[in-house]
Structure formats: structure tokens, C-alpha cells
Amino acid sequence: MTSLSAILHRDGAPEARLWLGDDAPIAVRGGVHVAADATLYDRQTLAAALRGAGQPVAADAPAAEQIAACYRAFGAEGLLRLNGDFAFVLWDAERRLLLLGRDFAATRPLHFAVHGGRLIVASSLDDLLELRGARPEFDLLGLAEAASGLVDAGGRSCWSGVRSVPPGCVLVVDSALRVSEAARWSAPTFETGSTTTFTDASMELREVLRRAVADRMAPDVTAVWMSGGYDSSSVFATARSALARGASGRVETISVSYPVGDGGREDEIIERILAHHGATGRWIDGGVLPLLGDVAAHAPLRDQPFAAMYDGFFRSAARAARAAGAGVALSGHGGDVLFDSSLVYFADLFGGLHLKTYLAEWRAAREAMWRPAQILEETFGPLVPEPLARTALHALGRRKEREHLPATWLRRNFADRIAESGWMPLERRGGESRSSAVARWSLGFPFFTKSQEAAAAAARAEGIEYRMPLLDPRVIALAATRPRWEKRKGAHNKSLLRAAMKGMLPEEVLLPRLYKTGLTQDYLLRCVQREFPTHASALRRESVLGDLGIIDPAGLSSAVNECARDRGGWVAGQLYFTFQTEYWLRGRLSSDPPARMTHVVDREPSLV
């Protein structure tokens with residue numbers, strides 16, 4: 001990743017040193033100046049569109065130049081049509097406006113703050129604080145969110161007055177340093193209908209995946225972080241196909257080997273996939289892979305207190321990729337959203353009075369080992385008005401994927417104020433099904449995008465650029481047109497993706513599975529039992545989060561015991577985020593005098 005920094009004075013004149021890193025040039029095009037940290041894909045299509053709009057630019061031109069041409073051709077809205085991983089700063093000299101933007105997948109960070117008559121922008125929070133000249137006070141709400149694994153949709157950070165540009169947004173800053181939203185990416189409506197047959201659509205998906213993967217492969221060595229699931233194995237098979245069709249380099253796989261009997265073990269499936277392609281893979285020993293590891297040493301090195309769940313895996317996989325000679329790693333992230341469906345489709349069937357189909361799906365889901373209570377909950381829960389549903393869930397002590405609650409050990413005044421940070425309302429567009437709405441909001445749910453950013457940061461710290469080809473806009477556009485039954489029908493899920501991979505993956509791997517493989521509950525419980533009691537005990541004795549009044553450390557030990565009963569992993573996850581935030585704070589304060597431990601909650605940049 002290239003470091004991106006900029007400063008804008010209140011009079012609207014940018015400093016002369018608007019730069020990428022130390023010496024990267026700024027692209028200038030007709031009064032538009034762009035500095036970008038970006039990797040763009042599908043460049044031929046972009047070049048053709050720009051040529052047609054009177055802004056010709058070469059397909060192999062620097063990304064900043066293409067972004068400048070795109071802005072001149074299509075305005076701020078057009079910037080979010082770009083296919084790529086990007087963050088940029090754009091100065092429009094004619095209109096005297098500064099634009100800040102990020103793509104929706106959010107692997108490239110961008111932060112900003114207004115201080116001392118200047119707007120300061122930087123890819124790194126540490127760089128921003130250095131440019132600011134003095135460290136601001138802590139934002140306790142931001143720290144409370146990080147300690148619960150929650151994410152504010154508006155981009156609140158752990159520092160007072162410092163915000164992140166939200167994923168999929170273009171912000172505009174005027175000469176008075178007022179920041180407002182100029183454009184926002186919107187996920188498509190799913191299940192919109194298509195006249196393409198299932199067979200033709202599977203062939204189309206195969207070709208779209210090939211282009212998405214090939215665009216993201218490195219010219220020398222590409223690593224694929226591969227499990228035994230359909231998604232990452234499809235990325236691997238497609239990458240191998242791209243090599244057979246003339247792409248340069250080689251493909252290496254990095255997989256986790258779990259012990260025999262572990263719910264996460266997919267070694268035998270992975271071995272079949274590798275043998276099908278005449279390949280050998282590289283393995284990480286999941287039996288000894290720590291969850292927290294040396295968190296006291298590693299957490300302070302992060303830019304932010306929020307860490308990716310399974311941060312240790314991302315770092316270990318990135319190191320293995322580097323050992324293989326790779327500089328790029330691909331994952332199968334995004335496949336569950338695009339090619340599978342949550343059980344909320346039972347509510348669609350029952351609410352639409354499709355009772356015959358509902359009963360058939362019920363029987364098939366039971367064969368697929370779904371419990372009746374799960375099916376009933378997914379049937380009737382979404383049919384209840386949302387305020388009542390939330391009240392009922394809270395009364396029952398239940399947790400759902402659509403609501404990440406604050407940790408129970410947070411002080412009540414903080415828990416109440418950040419309670420909405422983990423809730424994603426299931427607002428439906430006209431004619432949209434509930435299962436379609438879930439797929440759409442999943443692409444932009446702040447927790448998911450923040451996790452993608454944190455995973456990319458962990459990989460980047462080890463010298464690896466992390467890319468997600470299944471989140472290519474071309475793949476999303478195709479998946480959005482397909483009907484629900486191709487995603488899930490009883491025990492059959494991801495039917496379209498499996499059909500697209502016919503011949504590219506072993507037949508036995510592509511067969512429907514009656515139960516989900518690659519589950520991490522056993523690994524998580526092992527790590528909790530092995531690692532968490534020590535950290536909980538340490539925080540009971542001394543805790544910065546406790547001193548700041550954010551948590552009650554006395555509740556941590558009982559929470560560790562509760563993890564054994566919480567098969568969903570919610571409590572373990574929240575403890576993980578609390579420990580990560582605590583050690584990040586300790587590292588940041590260890591060299592500072594006590595007087596620096598000041599804080600406010602509500603002071604923020606002006607947003608209009």
C-alpha cells in the first residue's frame with residue numbers, strides 16, 4: 001500500500017506538498033489533481049468508457065490518472081463505478097473542492113481531521129496524528145466500540161475529532177472545511193430476474209470469475225488462502241485456469257490443517273482439490289495456531305485498536321505467502337453473500353403463503369440438519385415488526401447476525417450510547433424479498449467492511465496485498481440477477497457456483513453437503529481455554545479500559561467461563577476485541593506521561 005497524505009487550508013488552497021508517499025507524483029488533468037492509493041481492474045473497459053466520454057486515457061496509465069479522467073468524465077458519482085481497491089484524494093482547482101473517496105470493499109483506509117484551520121488526510125492514523133502536530137484526546141465511544149467489536153457507520157475512530165472515510169463513499173470538503181457526502185455506493189437489489197438459463201448463467205459466471213481472478217493475480221507468484229469450501233477453492237481453480245490460458249506466474253495455496261475430529265478440519269477435501277490440479281499446498285498447523293498470541297507485543301503495532309477476528313491467521317497466512325515468494329493473496333471472501341442465502345427465505349415463503357414450497361423446504365432443511373427451532377425462528381422472527389423483534393431477542397438473551405450487541409462488561413453509560421452501532425435495519429426496497437435485503441446489506445455492513453480493512457492491514461504488515469475477486473463488481477452484478485433457489489434449496493446451496501466449477505474441481509468436492517464444513521468453534525474454544533484466563537486475570541489486576549471507566553474488569557473471568565456454553569462464539573469474540581483494545585491502549589500509553597491520558601466523547605469534525 002502507498003501512503004497517502006494531504007492537507008487543505010481553510011482558504012481552500014492545498015499545500016504544495018499533496019503527495020503519495022515521499023516522491024510519487026500527483027496526476028493532473030485539466031485542473032483536477034489526484035493522489036491515490038489504488039489498484040484498478042478491468043482497465044480496458046474503463047479506458048473505452050473514458051474514451052467515449054471525451055477523456056481518453058491509456059488502459060495501463062497510473063491509477064491516479066484514470067481516477068482524474070473518471071472524475072472529469074462522470075463526476076463524483078462516477079468515481080464509485082471504478083472497479084478496484086482504492087482510496088484517493090482529489091483536488092478540483094476550478095471548483096476549489098477537495099474530494100476523499102474509498103471503494104466499498106474497504107481494504108485501503110483513509111482518515112481525516114479538521115484541526116488548526118486545516119483539514120488533514122492520511123492513509124494511516126499515525127501519519128495523520130504526526131501531520132496534526134499533537135495527539136488528540138481519546139474518543140471513549142470509539143474505544144468502547146472497539147472493545148465490543150462494534151463499528152460506527154459514520155467512521156468514528158478512537159481519537160477525538162478523527163474520522164475514517166466510510167467505505168463506498170466520496171466526501172467533499174469546501175473552502176470552509178465543511179465535510180459532506182457527495183456520493184455513496186449502493187449494492188444492487190438481488191433476485192432481480194434473468195432470462196438466462198441456469199446452464200448459460202453458470203458458463204457466464206465461470207468467465208466472469210476468470211476475468212476477476214486474472215485481473216487480481218500477480219505477474220510472478222499469487223497465493224490463494226484456501227479452505228475446503230466452495231468459495232476459496234473456486235478462486236484457486238479459476239486461478240489455475242487463468243494460468244492455463246496464458247497468465248504468467250504460478251499459484252500457491254495456504255491452508256490451515258486442523259486436528260482429526262476438529263469441526264474445522266477440511267484437510268482431506270483440500271488434498272483432493274490439490275491432487276485434481278497436480279499441485280501441492282502449504283499448511284499452517286491449526287492445532288498450535290494461537291488466537292491472541294503475543295497480543296501485548298503485536299497489538300500496539302496496529303494503527304487502530306480494532307483487529308480482524310482471527311488476526312493471527314491472516315498474519316500467519318501472509319507470512320507463508322511471502323515465504324512462497326508471493327506479494328498478492330486472494331481469498332474467497334464474499335461467496336456466502338453472493339451465492340448462498342440465509343434461512344430468512346423461510347419467512348419469505350411463509351409470508352408470501354407459498355406453503356407447499358415452505359413444507360418441502362422444511363423437510364429438506366431437516367435433512368440438512370437444521371434444527372426445527374432454527375427454522376421457526378427464521379420463519380417468524382423477520383415477520384414481526386423490527387422494534388418488537390429486537391425487544392423479544394433481548395428478553396430471550398438471543399444474539400443474531402444482524403445485531404452485534406455491546407459486551408456485557410461495558411459500563412452501562414457506554415453500552416447504551418453505542419447500542420445502535422451493531423444494528424443493521426432490514427429495510428427493504430420496493431418488491432425486494434427479505435433474503436435479497438440481507439444479501440444487499442451484508443455487502444456494506446460496517447462490521448464486515450471494517451473486518452476486511454483490518455484483515456488487509458494484517459496482511460500488509462507482512463508485505464502482502466490482500467484481494468477479494470468474488471467482490472468484483474462484475475461478479476456481484478451477475479449474482480444479483482439470479483433467483484433464490486440457485487443459492488439455497490434444502491440441502492443444496494451455492495448451486496450456480498458449483499455448476500460453474502464443474503470440471504475445474506473434483507466432482508466429490510462439488511457434491512451438496514448435508515452440514516457445513518470448516519467450522520471454527522472447536523478451534524475458538526481451544527484457544528479460549530488456553531489463552532483467555534491469563535488475560536482476564538491480568539485485566540482484573542490492571543486495566544486501562546477499566547481506568548477510563550469503559551469496562552468493568554470484574555466481569556471478564558465469568559465471561560471466559562461462559563464461552564464454553566456459547567457455541568455461537570459471541571462472548572469469545574467480544575472478549576477477543578476487548579483484549580486487543582486493552583493491549584493496544586497499553587502500548588500507546590506506555591511511553592507517555594499520565595497527563596496524556598485525557599479524553600472526550602462528543603467532539604467531532606463538522607459534518608453537514
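Structure: above.
Presented here is a report on the structure given in the accompanying data block.

Reading the values: rules and limits
Residues numbered from 1 in each chain as written. Predicted model: local features only at pLDDT ≥ 70, side-chain atom pairs only at ≥ 80, totals over all residues. Heavy atoms only, no water. Helix = DSSP H or I, 4+ residues; strand = E, 2+ residues; numbered from the N terminus. Rg over C-alpha atoms; globule rule 2.2 N^0.38 Å. Contact = heavy atoms within 4.5 Å. Areas by Shrake-Rupley, 256 points an atom, 1.4 Å probe, with all protein chains shown as cover. Polar contact = N/O pair within 3.5 Å; in protein donor to acceptor, adjacent residues only side chain to side chain. Buried < 20%, exposed > 50% of the residue type's maximum accessible area, 1.4 Å probe, protein only. Pairing = 2+ DSSP bridges. Axes fitted to C-alpha atoms, helices over the stretch in contact; angles between N-to-C directions. Parallel < 35°, antiparallel > 145°, perpendicular 65-115°, else oblique. Left-handed = near helix turned anticlockwise from the far one by under 90°. Nonpolar A, V, L, I, M, F, W, Y, C, P; charged D, E, K, R; others polar. Salt bridge = Lys/Arg side-chain N within 4 Å of Asp/Glu carboxyl O. Phe/Tyr/Trp six-rings, centres within 6.5 Å; stacked < 30°, edge-to-face > 60°. Patch = residues over 30% accessible without salt bridge, like charges linked within 9 Å, V, L, I, M, F, W, Y side chains within 5 Å. Expected span 1.5 Å × (residues − 1).

## Observations regarding the overall build of the chain
Here is step 1: If you tally the helices and strands in the chain, you get 24 helices and 20 strands.
Here is step 2: What you see for the chain is a C-alpha radius of gyration of 24 Å, in line with the 25 Å of a compact globule of 608 residues.
Here is step 3: Based on the C-alpha atoms only, the size of the chain along its principal axes is roughly 65 × 65 × 50 Å.
Here is step 4: Taking the intrachain contacts of the chain between residues at least 6 apart in sequence as the baseline, contacts between residues at least 24 apart amount to 72%.
Here is step 5: Per element, the accessible surface of the chain, about 24600 Å² overall, is 53% carbon and sulfur.

## Some thoughts on the side chain of Asp267
Here is step 1: Mapped onto the elements, Asp267 comes out in helix 7 (residues 267–276).
Here is step 2: Among the polar contacts listed, one links the side chain of Asp267 to the backbone nitrogen of Tyr258, at a separation of 3.5 Å.

## So, the pairing of strand 1 (residues 4–9)
Here is step 1: The element strand 1 is largely enclosed, with a buried count of five among its six residues.
Here is step 2: The pairing of strand 1 with strand 8 (residues 118–122) spans five bridges and is antiparallel. Note that in strand 8 the partner of Leu8 across the bridge is Leu119.

## Here we look at the packing of helix 5 (residues 198–216) against helix 18 (residues 473–480)
Here is step 1: One can describe the packing of helix 5 onto helix 18 by two numbers: an axis separation of 9 Å at closest approach and a directional angle of 160 degrees. By the angle between their directions, the pair helix 5 and helix 18 is classed as roughly antiparallel. Judged by the sense of rotation from one axis to the other, the crossing of helix 5 with helix 18 is left-handed. Packed against helix 5, whose contacting residues are Ala201, Glu204, Leu205, Val208, Leu209, Arg211, Ala212, Asp215 and Arg216, the element helix 18 presents Arg474, Val475 and Leu478 at the interface.
Here is step 2: Its residues assigned to classes, the contact of helix 5 with helix 18 shows seven nonpolar, no polar and five charged.

## Some details on the pattern of salt bridges
It is possible for side chains bearing opposite charge to pair when their charged atoms get close.
Here is step 1: Scanning the model with the defined rule gives 36 salt bridges in all.
Here is step 2: Among the ionic pairs, Glu252 bridges to Arg250, the shortest N-O distance being 2.9 Å.
Here is step 3: By relative accessible area, Glu252 is classed as buried at 11%.
Here is step 4: The class for Arg250 is partly exposed, based on a relative accessible area of 38%.
Here is step 5: Linking Arg467 and Glu465 is a salt bridge whose minimum nitrogen-to-oxygen distance equals 3.0 Å.

## Concerning the pairing of strand 4 (residues 32–40)
Here is step 1: Counting buried residues along strand 4, seven of its nine residues qualify, which places the element largely inside the surrounding structure.
Here is step 2: In this structure, strand 3 (residues 27–29) lies alongside strand 4, joined through three bridges in antiparallel fashion. Bridging from a neighbouring strand, Val28 pairs with His33 of strand 4.
Here is step 3: With antiparallel pairing between neighbouring strands as the criterion, strand 3 and strand 4 make up a hairpin whose turn holds two residues, including Gly30 at a positive phi of roughly 55 degrees.

## A closer look at the packing of aromatic side chains
Here is step 1: Here the structure, examined in full by the defined rule, presents 27 aromatic pairs.
Here is step 2: Between Phe313 and Phe314, the aromatic rings sit 5.5 Å apart at their centres with planes inclined by 65 degrees, giving edge-to-face as the arrangement.
Here is step 3: By relative accessible area, which is 14% here, Phe314 ends up buried.
Here is step 4: Seen from their ring centres, Tyr358 and Trp362 are 6.3 Å apart, and the 45 degrees between their planes marks the pair as tilted. Residue Tyr358 and its partner Trp362 are both found in helix 12 (residues 355–367); the two are separated by four residues, about one turn of the helix.

## Description of unusual backbone geometry
Here is step 1: Residues other than glycine seldom take positive phi values, yet Arg96 does so here, at roughly 55 degrees.
Here is step 2: Relative to the elements of secondary structure, Arg96 occurs in the loop between strand 5 (84–92) and strand 6 (97–102).
Here is step 3: Arg96 gets classed as partly exposed once you look at its relative accessible area, which sits at 37%.
Here is step 4: The backbone of Leu177 sits at a positive phi, close to 65 degrees, despite the residue not being glycine.
Here is step 5: Counting through the fold element by element, Leu177 comes out in the loop between strand 11 (169–173) and strand 12 (179–184).
Here is step 6: Owing to a relative accessible area of 2%, Leu177 belongs among the buried residues under this scheme.

## Quick word on the environment of Ala457
Here is step 1: With respect to the secondary-structure elements, Ala457 resides in helix 17 (residues 446–461).
Here is step 2: Sequence separation between Ala457 and Arg29 is 428 residues, and the spatial gap between their C-alpha atoms is 31 Å.

## Some remarks on the environment of Ser124
Here is step 1: Tracing the chain through its elements places Ser124 in the loop between strand 8 and helix 3 (125–132).
Here is step 2: Along the backbone, Ser124 and Leu4 are 120 residues apart, and their C-alpha atoms lie at a distance of 7.9 Å.
Here is step 3: Setting aside its immediate chain neighbours within four residues, Ser124 contacts His111 and Asp303.
Here is step 4: A distance of 3.1 Å separates the side chain of Ser124 from the backbone nitrogen of Asp126, its partner in a polar contact.

## Side note on a nonpolar patch on the surface
Here is step 1: A cluster of nonpolar side chains, contributed by Leu376, Phe380 and Leu383, occupies part of the molecular surface with about 230 Å² of accessible area.
Here is step 2: Position of Leu376 relative to the elements: it lies in helix 13 (residues 372–380).
Here is step 3: With relative accessibility at 39%, the residue Leu376 sits in the partly exposed group.

## Points about helix 9 (residues 311–323)
Here is step 1: Helix length check: helix 9 (13 residues) gives 18 Å between terminal C-alpha atoms against 18 Å at 1.5 Å per residue, within 8%.
Here is step 2: Taken together, the buried residues of helix 9 touch strand 13 (221–225), strand 14 (250–257), strand 15 (282–285), helix 17 and helix 24 (570–589).
Here is step 3: Looking at the residues trailing helix 9, positive phi occurs at Gly325, about 90 degrees.

Remember, this is a structural readout, not a statement about activity or role.
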